[in-house]
Amino acid sequence: MKKALTYICLILIAVIQTSVGRYIKIFGILPNFILTFTVLYSLTNGSFKAAVLGLVSGLLLDATSLGVFGLNAL
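Since the model is a prediction, treat every value here as computed from it, not as a measurement. (Residues numbered from 1 in each chain as written. Predicted model: local features only at pLDDT ≥ 70, side-chain atom pairs only at ≥ 80, totals over all residues. Heavy atoms only, no water.)

1. What about the layout of surface pockets?
Piece 1. Its boundaries defined by the atoms lining it, the largest pocket holds a volume of some 220 Å³.
Piece 2. Among the secondary structure elements, those contributing two or more residues to the lining of the largest pocket are α1 (2–19) and α3 (47–64).
Piece 3. A class-by-class count of the residues in the lining of the largest pocket yields 3 nonpolar, 7 polar and 1 charged. (1 Å grid on protein atoms, 1.4 Å probe; cavity = no way out; pocket = protein on both sides within 12 Å on 5 of 7 lines; lining within 4 Å. Points joined across faces, edges and corners; volume = space filled by probe spheres on them. Helix = DSSP H or I, 4+ residues; strand = E, 2+ residues; numbered from the N terminus. Nonpolar A, V, L, I, M, F, W, Y, C, P; charged D, E, K, R; others polar.)

2. Some details on the confidence of the model for the protein chain
Piece 1. Put simply, the protein chain has an average pLDDT of 85, and 95% of its residues get 70 or more.
Piece 2. Taken element by element, the predicted model of the protein chain shows its lowest mean pLDDT in α3 (85) and its highest in helix α2 (residues 33–45) (90). (pLDDT = per-residue confidence, 0-100.)

3. Regarding the side chain of Ser 57
Piece 1. Within the element layout of this structure, Ser 57 appears in helix α3.
Piece 2. A relative accessible area of 4% means that Ser 57 is categorised as buried.
Piece 3. The residues contacting Ser 57, other than those within four sequence positions of it, are Leu 10, Ile 34 and Thr 38. (Buried < 20%, exposed > 50% of the residue type's maximum accessible area, 1.4 Å probe, protein only. Contact = heavy atoms within 4.5 Å.)

4. Structural notes on α2
Piece 1. When the terminal C-alpha atoms of α2 are compared, their 18 Å separation across 13 residues agrees well with the 18 Å that a helix rising 1.5 Å per residue should span.
Piece 2. For α2, the full list of buried residues reads Ile 34, Phe 37, Thr 38 and Tyr 41. Seen along its axis, α2 keeps its buried residues to an arc of 100°; they face one direction. In α2, those exposed residues whose orientation departs by more than 90 degrees from the buried face are Leu 35, Leu 40 and Leu 43.
Piece 3. Its buried side turned inward, α2 meets α1 and α3.
Piece 4. Looking at where α2 begins, the residue whose side-chain oxygen comes 3.4 Å from the main-chain nitrogen of Ile 34 is Asn 32.
Piece 5. Just beyond α2, the residue with positive phi is Gly 46, at close to 100°. (Expected span 1.5 Å × (residues − 1). Arc of directions from axis to C-beta. Polar contact = N/O pair within 3.5 Å; in protein donor to acceptor, adjacent residues only side chain to side chain.)

Okay, here's the thing in structure tokens:
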């Protein structure tokens, strides 16, 4: 259940970042909500689980962007 909730939150954050997040600027810098979520997840759950979440979130961002596929997953 906890794993499913984590990935549901990740999908919701990805939707927010790709839709509304492009218009939010703090001193001219676009925030990366998925990176922040992954770092906070790694602080609470350990590095291996965070590495898997980082890979999934990178692939999710690559699927929504028009750049090179796999670049964010690295």
